Amino acid sequence: MDELVERLKMPNAAQRMNTLGRWLVDAEPLTIWERDTRLLSRAGRKWRRRALEFSRRFIRPVAVEADLHHHEFDRRAFINKAAKRGFLSLLMPAPFGRANLRAYLRSTIFQVILIAEEFCTESGGIGLLLLVHYLGIAPILLSGHFPSYIRHLIPLQLKSMTDNPTLMAFAITEPSAGSDVEETEGGATARLVTTAKKTTGGYLLNGRKVFISNGQLADKITVFAKLGGEALDSWTCFLVDKKMDGFSVGRQERKMGQRPSDASEIILEDVFVPNKNIIGKLRGGWALNRNVLNYSRPAIGAMAVGMARGAFEKTLHFCRETFLGDKRLIDYQDVQLELADMFTQLWAARSMVWHSCRTLRSNQAAAAATKVFATDTAYAVCNKAMDLMGDHSYIRTGGVERALRDVRLTQIYEGTNQINRLALIEQQWEAEIEGSEE
Amino acid sequence: MEIQLSQEEISEFAGLAGKFAQSSLRSYLNPEFSDGEIERLPQILEEARKTGLLADAENSYGVWGFDLNAHPDVSLKLLTILAEVCGGAAMCFHQNGLAFNILHFLSSPPSELSFRTVAVALQESHTIPHVESILKNTSAPVFETQVVRGENGQWLLRGAKRFVYSLPGNEAYLVFVQDGDEPAAALLPADSPGMKIKPLEPRLGLAACRVEYLILEDVLLEENRIFRGKEVGAALLRTLFIQWLGISAIAVGIGRGALKAAGKYAGERYQGGTTIENHPAVQRLLSGSEENIVSAEAQLNQKWRLDAMDTNSLRKAATTKRSVTRLCTQAVSDALQCFGGYGYMEDYGMEKRFRDVHTLKAMVGSPFYLQRLIHHWGGEA
């Protein structure tokens, strides 16, 4: 019986086919990771493999400590390591960055989402620590203002090769305006306090921003402020240097997860920002902010997939090592079914992230849908991982509960998943209704 | 003879638990600490002991106190009320009450015991023991931890126990073990020579309640502290039954607390020119959360009996734990989502509820393993 079963397995059974028939059977024993990687461009393959290697070599050994004792974790040293390997330079091709031009012209953020998944597989918090830099740069890139590229991106790129790279952050959220600044109707009534007042040679910024990822650590921050007493449609993006007078970092939030990256309050008290640090056009900030979210949301999806993949890999290991009765867990069919579900969900989420990023310009509906699907799916996968590991799952050194805590934030930031659903409707509905009535 | 309580007395109990939760437990949840001021917990538990809410050898009326045996619903209600404020503290009441209830079941009266706190040591792996042999009356071993005869004829305990839930400064362990073909139980003082206690830290949630591993290397047993006979099998089933229902009650309490907090926040937080309770997105979350909690409460509020433990009642308790913890986990997650970024921060207490309820779901049989058991034990049909 066992011999017959062996003979019936596809690789053996296929030997009875003719040459072409055999060739058409893909039974190569490759991981899905490897199969997916082989589908990528040369540059994509390169960065994905490099990120995996970096993640296992550098992130894995520190992931537990960076979560448990995040105040003692040497974040700067870690960022330097990543920067030297080019991981902070993939949002632009040369001379502004290190993204491969050919791949970049097909998809602006593809190379970034590849490394995002790999980093977060080992630690969502360290992934965020490294990736928030791109969020800070994004307004400069998306401003479409070539002089700003020269003025700001080239120095950033040059410094990234040194021992002290410049780290960027992005600041839109205010104490009374979180989701408001991430969707249109909320924006119209948002209670914003950060303002920019015209003065000789520049603007004076006053106000507060909260929940700013890497706010404490970053050297420069792209800050959005309304002009004088005007409404949100006057929003303008300013590049604020931490060394500027009047800039200070306030309260640091105590977060449930993604702890290696701080979430801090930024206080602006008569901070003078020169005209040259205006990113894009005056009053162009609202559109710029919304477009930044279009590019960042799929990256959040990729991060969530990475976190859930980390939980899945740990669960798979657990199921191989752990016995229930006289059998390993993985030998039980109901365990296999559960693992297969997790695997399928992860693959589907990754496919959606990759699909939504295969364009030069990022689309609001695709970005929002991807963020919602990938993060909700990743949360579901982490729940299944907890389920399979039972009591072992809640031990902090195991990593699965960390993935659960980390992934829960991806359903909240860059607009809650509820806000993202509305963003999808806002962008897509008219076209869909008209399209369906043609 | 079992004591029957009137509705007024039950309400009085509930009122007492409510007052205690609001006065003592709430103050324990100092926002400076993500899981409360754990150092203050022994003092708070002492207060609870005096109030009568924490059951032990002397107090037979607290949570799972043996004078409440006819009223499992009262213990469940008390746990729900306490867990609305702090799931971890409620877990302490549950575990101590459970241990004394089982001790009383095995050896009445337990008041001769000098221990003030006891924990049940049941599990040996990430899932619950195979209790089929007890249910089906076969001789298959339930535990790997064994009672063995020493060279001088004394009884020794050898093995390891995992995931033992106990109070801070726990004084004794009621350890379920294998004694030949039969399960047995042994009461071990925490300072027994040969017993190593390894705290399991840090953990996701329920930080107030300790989790320990016990390593038992030829621990000498006193004859009068070994329990043998048919009652031990029944006590084992009773332990699982109480454990699952108590965990379910705590999950419901955490869910209720989360929903109340989210409702309050939604009525205060402005967004888009109005409080967020007026936003359909938030309304959906709140109503979804409430629906899950109401369903969980309906499952929990059944006519439970501690005196007739069989496959069906155990199966029903397992189904309840599986379903209620899943529903409450979703309810807490939805409530947390109403807070946006604030829900993720320690200050609002929502992330603690999220961690606590997820821990409850995973412990003493996660939904996956309970599903296997429920199927394995067969149904009424």
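These figures come from a predicted structure and were not determined experimentally.

Draft legend 1. Molecular detail of the interface of chain B and chain A. Contacts between chain B and chain A engage 50 residues on the former and 52 residues on the latter. Counting each side, the surface lost to burial between chain B and chain A is near 4200 Å², with a carbon and sulfur contribution of 57%. On the surface where chain B and chain A come into contact, there are four salt bridges. Of all the secondary structure elements, the ones that give two or more residues to the side of chain B that touches chain A are β3 (155-166), β7 (210-220), β9 (270-271), α7 (280-300), α8 (311-338), α9 (350-362) and α10 (367-376) of chain B. No other element matches α9(B), which puts seven residues into the side of chain B that touches chain A. Residues belonging to the side of chain B that touches chain A are distributed by class as follows: 23 nonpolar, 17 polar and ten charged.

Draft legend 2. Molecular detail of the domain arrangement of chain B. All names here are of chain B. Domain annotation of chain B identifies domain 1 (7-116), domain 2 (120-229) and domain 3 (232-376). Computed from C-alpha coordinates alone, the two centres of domain 2 and domain 3 are separated by 29 Å. Between domain 2 and domain 3, the contact holds 24 residues from the first and 22 residues from the second. Buried area between domain 2 and domain 3, summed over both chains or domains, comes out near 2000 Å², and the portion from carbon and sulfur atoms is 76%. It is Ile128, Leu204 and Leu206 in domain 2 that bury the most area against domain 3; as a group they hold 30% of the surface buried on that side. On the surface where domain 2 and domain 3 come into contact, there are four residue pairs in polar contact (both at pLDDT 80 or more). When residues of the side of domain 2 that touches domain 3 are traced back to their parent elements, those giving at least two are α5 (132-135) and β5 (182-189). Tallied by class, the residues present in the side of domain 2 that touches domain 3 amount to 16 nonpolar, five polar and three charged.

Draft legend 3. Structural view of the UniProt feature "domain: Acyl-CoA dehydrogenase/oxidase C-terminal" (unreviewed entry) in chain A. Residues annotated in UniProt with the feature "domain: Acyl-CoA dehydrogenase/oxidase C-terminal" (unreviewed entry) correspond here to residues 284-425 of chain A. Secondary structure across residues 284-425 of chain A comprises 75% helix and 3% strand; the distance between its end C-alpha atoms is 23 Å.

Draft legend 4. A look at the nonpolar core. Ranked by internal contacts, the top residues of the largest apolar core, which has 250 residues, are A:Leu205, A:Phe238, A:Val240, B:Phe93, B:Phe176 and B:Trp244. It is helix α6 (residues 230-268) of chain B that provides the largest number of residues to this core, a total of 20 residues.

Draft legend 5. Geometry of the confidence of the model for chain B. Per-residue confidence for chain B gives a mean pLDDT of 92, with 98% of residues at or over 70. Averaged pLDDT values over the elements of chain B bottom out at 75 in α5(B) and peak at 98 in α9(B).

Draft legend 6. Broad picture of the environment of B:Asp356. Inspection of the secondary structure puts B:Asp356 in helix α9. Separated by 168 residues in sequence, B:Asp356 and B:Leu188 place their C-alpha atoms 29 Å apart.

Draft legend 7. Examining the packing of aromatic side chains more closely. Residues and elements named next belong to chain A. All chains considered together, the criterion is met by 31 aromatic pairs over all chains. Judged by centre distance (5.1 Å) and plane angle (45°), the rings of phenylalanine 54 and phenylalanine 58 are tilted. Pair noted here: phenylalanine 54 and phenylalanine 58 are both in helix α5 (residues 42-68), with a separation of four residues, about one helical turn. Between the aromatic rings of phenylalanine 96 and tyrosine 149, the centroid separation amounts to 5.7 Å while the plane-to-plane angle is 70°, which identifies the pairing as edge-to-face. Taken together, the residues phenylalanine 96 in the loop between α6 (75-84) and α7 (101-106) and tyrosine 149 in helix α10 (residues 146-160) connect sequence positions 53 residues apart.

Conventions adopted
Residues numbered from 1 in each chain as written. Chains lettered and ligands numbered in written order. Predicted model: local features only at pLDDT ≥ 70, side-chain atom pairs only at ≥ 80, totals over all residues. Heavy atoms only, no water. Contact = heavy atoms within 4.5 Å. Buried area = accessible area lost by both parts, 1.4 Å probe. Salt bridge = Lys/Arg side-chain N within 4 Å of Asp/Glu carboxyl O. Helix = DSSP H or I, 4+ residues; strand = E, 2+ residues; numbered from the N terminus. Nonpolar A, V, L, I, M, F, W, Y, C, P; charged D, E, K, R; others polar. Domains from an automatic or database assignment. Polar contact = N/O pair within 3.5 Å; in protein donor to acceptor, adjacent residues only side chain to side chain. UniProt positions renumbered as here; feature names shortened; annotations may be inferred. Core = buried A, V, L, I, M, F, W, Y, C linked by side-chain atoms within 4.5 Å. Buried < 20%, exposed > 50% of the residue type's maximum accessible area, 1.4 Å probe, protein only. pLDDT = per-residue confidence, 0-100. Phe/Tyr/Trp six-rings, centres within 6.5 Å; stacked < 30°, edge-to-face > 60°.

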